[in-house]
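# Structural characterization, general
Spelled out from the first residue to the last, the chains are:
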Amino acid sequence: MQDDDAPYPGFSAKCPKPIGRLENEPPEKRARLDGQFVVSRRESLYEISLGPLEFFTRQRFAIARRSELVKSYPNARVFSQEISEENGGRHYIVTTLERFWYWYTNQAIRNIYEVIELDKPCRLYFDLEYSKEINGNIDHQRLYEYFIETNISLLKELFDVEVQKSDFLALDSSNDAKFSCHLIGHLTKKDYLFANNVAIGSYTKQLKQRLLDNPPQRIFNADGQEIVLFDEGVYTKNRNFRLFLSTKLGKDRFLKHAMYCTFYGSAESKSKQIFFDALCVPANLSSHENILPDLESPLSRVSETASSAAQQLQPLEYVREGNGLSPFIELEEFLLQMFRRWKPDVYMRQWKVTIDKNKKPIITFYPANCRYCFKIGRQHKSNSQFWAVNVSKGDVVQRCFDPDCRSFTSNYFPIPKSIMEATRKRLNADKEAEENEDPLEILLESKSDKQPCLTQWNGIFDE
Ligand SMILES: [Zn+2]
């Protein structure tokens, strides 16, 4: 195929198309899609000099390749690109930062995210947002300044690090309906890093408390609950964080250098400089020696969130996860059939498999567009929920990301035997090809034991 067919330069023609459901592809194609595909266009000598550029359909393959590549290219990184609005699909790009920037600037459409890998030291970063429509009379400037000032005093207090307002780089993609900003902290000239993004989560718990203490103005979400300026959900393992100059797929609001940002003072800033300064995991990471201590040990994190910590502290044998469509076609479709009765346009955003030492596999599904929560008996307006399938018992419970629902677990709902059998087969077939991941993440999200009663599906839809 000639590369002239490519929708935009630098990208082989087959790449931007949605990869689609692997299970629907013929076996030979599936094998190819399941692994890696390299840009087929002939590369220029200049491009080659910057390092390789490769695409992967799965994040874990991309991360494995990056750990290889980093031996020759210290700035090897993983980025993700949204390719399908319908199923939350992404593919993954492994390349050097230098090559990436060259490729990225040649893209007509950019919907690309930095993958903040587990256990990579990273800068303090925030996703700031609130609805302007809901919070009509907000003095935005005051709220933003209060946020920065609270960080400055808390960083001094907790880490004895003296930070200024101009240490925060702000990228903005606000519109009339919503304030939206990515804030990246270069903590002093030494550019102090957190040990990983989960450690930032520990810091932000204290920050949230401080922000709620005495705010100049209070802000609320669509459910009428008071919120803080930053999104607390962006400090999870292998987080995808949208890049400078990128939009969400199908949207037109891209992240640009904010008018109100004082990071560069009066100096003119070049796009390339902003791109590098806005990375959560900085370039030349190995030269960064200033790592802030983690405020919470892993043990304290677990005992705080798990109700039966002792039982749940057992190590996990096997874990995997993915964005978009899962390998558990029958199970996923069964759940979607149920969810569609609440929201016809529901789809699966993410899925995850965990197995504890007692050989109890749990498959968790994270639906998008469907926020029905049994705790409140209706859809949440902004927070989403998730469903955990106990594979050995053949039932599923709903849990919720809403702060008020954190300890909530719904009743158990049964899953038909034939579907569970198909799921177990897929799980076993899949298991052999997989690798271990971090057990802590799973402990944090594992559910508490309760509610032995089963609720029939019909019961809830008949109401
Ligand atoms: Zn809820």
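Scroll up a little and you will see the structure.
Here goes a summary of the coordinates provided. This structure is a prediction, so every number in the text was calculated from the model and none was measured. (Residues numbered from 1 in each chain as written. Predicted model: local features only at pLDDT ≥ 70, side-chain atom pairs only at ≥ 80, totals over all residues.)

Along its length, the protein chain carries 13 helices and 22 strands. The proportion of buried residues among the 463 residues of the protein chain is 35%. The contacts in the protein chain between residues at least 6 apart in sequence include a share of 69% that link residues at least 24 apart. (Helix = DSSP H or I, 4+ residues; strand = E, 2+ residues; numbered from the N terminus. Buried ≥ 20, exposed ≤ 12 C-beta atoms within 10 Å, placed from the backbone. Contact = placed C-beta atoms within 7 Å.)

Okay, the sheet that holds strand β7 (residues 168-172) next. With respect to topology, four strands assemble into an open sheet ordered β6-β8-β7-β13, the strand pairing being antiparallel. What marks the edges here is a single partner per strand, and that holds for β6 (124-131) and β13 (256-257). (Pairing = 2+ DSSP bridges.)

Let's shift gears to helix α3 (residues 59-69). Because an α-helix completes one turn every 3.6 residues, residues spaced three or four positions apart along the sequence face the same direction. Within α3, the full set of buried residues consists of Q59, A62, R66 and L69. Here the buried residues of α3 occupy an arc of 85 degrees about the axis, which is enough to place them on one side. The inward-facing, buried residues of α3 abut β2 (53-56), β3 (76-84), β4 (89-96) and β5 (112-116). (Arc of directions from axis to C-beta.)

Moving on to the nonpolar core. If you look at the biggest cluster of nonpolar residues, it comprises 63 residues, and the most contacted ones within it are V94, Y125, F194 and C280. Looking at this core element by element, the count peaks at six residues for helix α6 (residues 197-213). Mapping this core onto the domain boundaries places at least three of its residues in each of domain 1 (3-109) and domain 2 (124-296). The contacts of Y125, once residues within four sequence positions are left out, are H182, L183, I184, F241 and C280. Ranked by size, the runner-up nonpolar core spans 28 residues in total, among them L331, Y372, V396 and V397. (Core = buried A, V, L, I, M, F, W, Y, C linked by C-beta atoms within 7 Å. Domains from an automatic or database assignment.)

Glancing now at the environment of I329. Within the secondary structure, I329 is located in helix α10 (residues 329-339). With 17 C-beta atoms packed within 10 Å, I329 lands in the partly exposed category. Separated by 97 residues in the primary sequence, I329 and R426 place their C-alpha atoms 8.9 Å from one another.

The next subject is the pairing of β5. The element β5 is extensively covered by neighbouring structure, given that five of its five residues are classed as buried. Neither face of β5 is open: one carries I112, E114 and I116, the other Y113 and V115, and all of them are buried. For β3 and β5, the ladder comprises three bridges, and the chain directions are antiparallel. Counterpart to F79 in the pairing with β5 is E114. Direction of pairing for β5 relative to strand β12 (residues 239-242): antiparallel, over a ladder of four bridges. Following the sheet pairing, V115 is matched in β12 by N240.

In this section: the packing of helix α5 (residues 140-159) against α6. In contact at an axis separation of 10 Å, α5 and α6 are set at 125 degrees when each is read in the N-to-C sense. Our classification of the angle between α5 and α6 gives oblique. Both α5 and α6 take part in a crossing whose hand is right-handed. Touching F147, T150, N151 and L154 of α5 are Q206, L207, R210 and L211, all from α6. Its residues placed into classes, the contact of α5 with α6 shows four nonpolar, three polar and one charged. (Axes fitted to C-alpha atoms, helices over the stretch in contact; angles between N-to-C directions. Parallel < 35°, antiparallel > 145°, perpendicular 65-115°, else oblique. Left-handed = near helix turned anticlockwise from the far one by under 90°. Nonpolar A, V, L, I, M, F, W, Y, C, P; charged D, E, K, R; others polar.)

For α5, with 20 residues, the first-to-last C-alpha span of 28 Å sits near the 28 Å given by 1.5 Å per residue. Along α5, the positions that sit buried rather than exposed are L143, Y144, F147, N151 and L155. Each buried residue of α5 lies within a common arc of 105 degrees when the element is viewed along its axis, so the set occupies one face. Structural note: α5 exposes Q141, R142, E149, S153, K156 and E157 on the side pointing more than 90 degrees away from its buried face. Its buried side turned inward, α5 meets α6. Once α5 ends, the next one or two residues include D160, with phi positive near 55 degrees. (Expected span 1.5 Å × (residues − 1).)

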